[in-house]
Amino acid sequence: MTGGYHSGLGGLLDGRRLSPVQRRIAHYLSEHLDEAIFLSSVELAERSGVSQPSVTRFAMVLGFAGYPELRQALRPLVLGGPPEENLLQGAIDSEIRNLAAVRERLAGFPLKELGESLAATEPLPVLGLRVSCGLATTFAYYARRIHPDVRLLTHGGSELIDGLHAARRAGADWLLAVVLPRYPAEVMHALEYAEKLGLRIAVICDKADFPAEVVLDAPVGDRLVFDSHAAPLALAMALVEAMADAAPLRTQARLEEYERMTDETGTFLTSDPSEPA
C-alpha cells in the first residue's frame, strides 16, 4: 500500500509489499523527504527507529543496489532539475558544512600539543591503509619537508608489523594513524600492536570516540557513491602547521634547503604552464 506517502515515493513503492520495519522507513521518508535526501543511511535508520541494515534492505526491495542509489533517485523529487547537478551541489554543500564544523571546533583540538609531540619524535611513523592511504600520504609528504624522519606505512600484513617494530626500535614515541571509513580490521590490529610496543597513538578520523590517546576527528562527505575527505584533509594540514611551529628553526632550515635543492635540479617549472612561451 502506498496511500498517504509522498506522491513521488508512490511510484517507487507501487506494488511493493513492505514489512512493518520497511513501512516505518517509508513513512519517515514521506513526512521528511526534504530533509531525508541529505541523510546518511545511519542517520535515516536512527530517525526512523530501525537498524542501518534495514535501510539497506529497504533500498534493495525498491530495486536499488543500496541506499546511496535510492537517495540519488529521491533527490530530484525534492530539488527538481538535472539530478546529477543537484547531487553534486548537495555534496559540495555538505563538505562546506563539514569544514565549518571543523573551523568551529579548532580551539578544542590539541593541535599545538600534538604538533610539539610529533615534531619531537624521531622517527615519526604515519599509518594509513586502503582509502586512508591517500590522506596519510599527503600528510607524510608535507611533514617530510619539516621533519627529518617520517616513515609512511601504507601496506598491511607482515610489512606493516615490521615497519611499526622498526620505527619503535629506532626511537619513535608516537604513531600518527589516519582511519577513515570504511575501517579495515587490520588497522585496529596494527594499532593494538603499536600500543603493545609502547607507541603513543594519535589518529585523524571521523569519530570523536575512537580508541586512541589523541583523536582529531572531522566528518567525511557521504553524499556521493564514495566518501570525500575535505574536512579531514584540512585538519591534517593544520597539524602539519602545528609541527612546523613547534620547531621553527629546524623548519626554516629544512625549507630553505629544500628550495635550494629544487632550484638546482629544476624540479618545478619557473613559469605558469598556461602562459605562452
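That block above? That's the structure.
In this text the structure is predicted, and so the values were computed from the model without any measurement. (Residues numbered from 1 in each chain as written. Predicted model: local features only at pLDDT ≥ 70, side-chain atom pairs only at ≥ 80, totals over all residues. Heavy atoms only, no water.)

**Observations regarding the pairing of strand β5 (residues 214-217)**
If a strand is regular, its side chains alternate between the two faces of the sheet.
Item 1. Side chains Val214 and Leu216 project from β5 onto one buried face, and the interleaved Val215 and Asp217 project onto a second face that is buried too.
Item 2. Pairing of strand β4 (residues 200-205) with β5 involves four bridges; the strand directions are parallel. When the sheet's bridge partners are listed, alanine 202 is paired in β5 with valine 214. (Buried < 20%, exposed > 50% of the residue type's maximum accessible area, 1.4 Å probe, protein only. Helix = DSSP H or I, 4+ residues; strand = E, 2+ residues; numbered from the N terminus. Pairing = 2+ DSSP bridges.)

**Overview of the side chain of asparagine 98**
Item 1. Structurally, asparagine 98 can be placed in helix α7 (residues 83-105).
Item 2. What asparagine 98 contacts, discounting residues up to four positions off in sequence, is Pro219, Val220, Gly221 and Ala231. (Contact = heavy atoms within 4.5 Å.)

**Focus on the packing of helix α8 (residues 111-120) against helix α12 (residues 230-246)**
Helices that pack against each other are described as a pair by the angle of their axes relative to one another and the distance between those axes.
Item 1. Here α8 crosses α12 at 65 degrees, and the two axes come no closer than 7 Å. Judged on the interaxial angle alone, α12 and α8 are roughly perpendicular. The two elements α8 and α12 cross, and the hand of that crossing is right-handed. Taken together, the residues of α12 that come into contact with α8 (itself represented by Leu111, Lys112, Leu114, Gly115, Glu116, Leu118 and Ala119) are Ala238, Leu239, Ala242, Met243 and Ala246.
Item 2. Per-class residue counts for the contact of α8 with α12 are nine nonpolar, one polar and two charged. (Axes fitted to C-alpha atoms, helices over the stretch in contact; angles between N-to-C directions. Parallel < 35°, antiparallel > 145°, perpendicular 65-115°, else oblique. Left-handed = near helix turned anticlockwise from the far one by under 90°. Nonpolar A, V, L, I, M, F, W, Y, C, P; charged D, E, K, R; others polar.)

**Brief notes about the pairing of strand β1 (residues 124-127)**
Item 1. Going residue by residue along β1, you find Leu124 and Val126 tucked away on one face and Pro125 and Leu127 tucked away on the opposite face as well.
Item 2. Summarising the sheet, β1 and strand β2 (residues 150-153) pair through four bridges and their orientation is parallel. Each residue of the ladder has a partner; that of valine 126, found in β2, is leucine 152.
Item 3. Regarding the hand of the β-α-β motif, the stretch spanning β1, helix α9 (residues 133-146) and β2 is right-handed.
Item 4. As paired strands, β1 and strand β3 (residues 174-179) are joined by two bridges and run parallel to one another. Its bridge partner lying in β3, leucine 127 is registered against alanine 177. (Right-handed = clockwise from strand over helix to strand, strands pointing away.)

**Digging into the sheet that holds β2**
Item 1. The strand order across the open sheet built from five strands is β2-β1-β3-β4-β5, with neighbouring strands paired in parallel fashion. In the strand order of this sheet, the two ends are held by β2 and β5, each with one partner. This sheet shows a mean twist of 20 degrees between the axes of neighbouring strands, independent of strand direction.
Item 2. The strands that α9 touches are β1, β2, β3 and β4; relative to β2, the one it contacts most, it runs at about 170 degrees.

**With respect to the packing of aromatic side chains**
Item 1. Going through the model one piece at a time under the given rule, you end up with one aromatic pair.
Item 2. Considering the side-chain rings of tyrosine 141 and tyrosine 142, the 5.2 Å spacing of their centres and the 90 degrees angle between planes classify their relative orientation as edge-to-face.
Item 3. Look at tyrosine 142 and you get partly exposed, because its relative accessible area is 38%.
Item 4. Positioned above the aromatic ring of tyrosine 141, the side-chain terminus of arginine 145 is 4.4 Å from the ring centre. (Phe/Tyr/Trp six-rings, centres within 6.5 Å; stacked < 30°, edge-to-face > 60°. Lys NZ or Arg CZ within 6 Å of the ring centre and 35° of its normal.)

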